[in-house]
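Report on the structure
The residues making up each chain are set out below.
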Amino acid sequence: MDNVQRAMQDVQNAIKSSVNTQEIRRNFDDIAATKIREQLKQVERNFNLGKIDKPTFIKQSLLLIEELSSTGAVLTTEEQQFLDVNTGKTNFVGTKRGDVDDRVLKIAEGKIKEAN
């Protein structure tokens with residue numbers, strides 16, 4: 001029985017080590033990147049068809065691009081430009097809640113001053 005258990009343990013260890021190889025991880029990341037890019041295209045289609053509004057489109061796209069980046073995928077020029085344009089300080093839609101809250105308060109403060 002000891003030889004059988006050792007052999008089973010060796011097989012399990014071999015399987016574990018093969019699953020943890022960089023090549024397999026890279027393949028999973030490539031598959032994930034492809035799926036995320038498909039989701040980005042779907043979000044853009046939904047926006048173009050009027051199914052979602054612009055703030056929703058931007059928010060969903062930013063989240064997907066952030067997720068894409070976390071896979072280690074190199075962003076396309078278009079994806080990088082979208083990220084740059086829509087995370088700038090002048091844009092109302094941000095990725096951090098505090099940034100959006102501060103901009104909303106500043107806009108509201110300006111409108112109140114205009115009204116008085």
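What comes next concerns the included structure. Note that the coordinates shown come from a computational prediction; the quantities given were computed from them, not determined experimentally.

Turning our attention to the nonpolar core. Within the largest apolar cluster, 14 residues are counted, with the highest numbers of intra-cluster contacts made by Val43, Phe57, Ile58, Leu64, Ile65, Leu68 and Phe82. Elements represented by at least two residues in this core include exactly α2 (22-48) and α3 (54-70). Of the residues forming this core, the biggest block, six residues, is contributed by α3. Sequence-distant contacts of Val43, that is, excluding residues within four places in its chain, are made with Ile52, Phe57, Gln60, Ser61 and Leu64.

Before going further, it helps to spend a moment on the side chain of Ser61. Relative to the elements of secondary structure, Ser61 occurs in helix α3. When neighbours within four sequence positions are excluded, Ser61 is seen to be in contact with Leu40, Val43 and Phe82.

Moving on, we come to the packing of α2 against α3. Between α2 and α3, the least distance of the axes is 10 Å, while the angle of their chain directions is 170 degrees. Classified by the angle their axes make, α2 and α3 are roughly antiparallel. Listed contacts from α3 to Ala33, Ile36, Arg37, Gln39, Leu40, Val43, Glu44 and Phe47 of α2 are Lys54, Phe57, Gln60, Ser61, Leu64, Ile65, Glu67 and Leu68. Looking at the contact of α2 with α3 residue by residue, the classes come out as nine nonpolar, three polar and four charged.

As a further point, take the packing of α3 against helix α4 (residues 77-86). Put simply, α3 and α4 touch, their axes get as near as 10 Å, and they point 125 degrees apart. By the angle between their directions, the pair α3 and α4 is classed as oblique. For the pair α3 and α4, the sense of crossing is left-handed. Judged by residue contacts, Phe57, Ile58, Ser61, Leu62, Ile65 and Leu68 of α3 engage Glu79, Phe82, Leu83 and Asn86 from α4. Looking at side-chain class alone, the contact of α3 with α4 contains seven nonpolar, two polar and one charged residues.

Parameters and conventions
- Position numbers for residues start from 1 in each chain and track the written sequence from start to end.
- pLDDT decides what is reported in this predicted model: residues at 70 or higher carry local features, side-chain atom pairs at 80 or more are listed and counted, and totals for whole chains, interfaces and linings draw on all residues regardless.
- Side-chain numbers here rest on the full set of heavy atoms in the structure, without hydrogens or water.
- In this text, buried Ala, Val, Leu, Ile, Met, Phe, Trp, Tyr and Cys residues form a nonpolar core when linked through side-chain atoms within 4.5 Å.
- Only protein chains enter the accessibility calculation, which uses a 1.4 Å probe; a residue is then buried when its area is under 20% of its type maximum, exposed when over 50%, and partly exposed in between.
- Put simply, DSSP H or I for four residues or longer makes a helix, DSSP E for two residues or longer makes a strand, and each gets a number counted from the N terminus.
- In this description, contact between two residues means that some pair of their heavy atoms is separated by no more than 4.5 Å.
- In this analysis, axes come from line fits to C-alpha atoms, helices being fitted only over the stretch in contact, and the angle between any two N-to-C directions falls in the range 0 to 180 degrees.
- By definition in this entry, angles of less than 35 degrees are roughly parallel, angles greater than 145 are roughly antiparallel, angles of 65 to 115 are roughly perpendicular, and the rest are oblique.
- Only Asp, Glu, Lys and Arg are considered charged, only Ala, Val, Leu, Ile, Met, Phe, Trp, Tyr, Cys and Pro nonpolar, and every remaining residue, Gly among them, polar.
- Note: crossing handedness is left-handed where the near helix turns anticlockwise from the far helix by less than a right angle, and right-handed where it turns clockwise.

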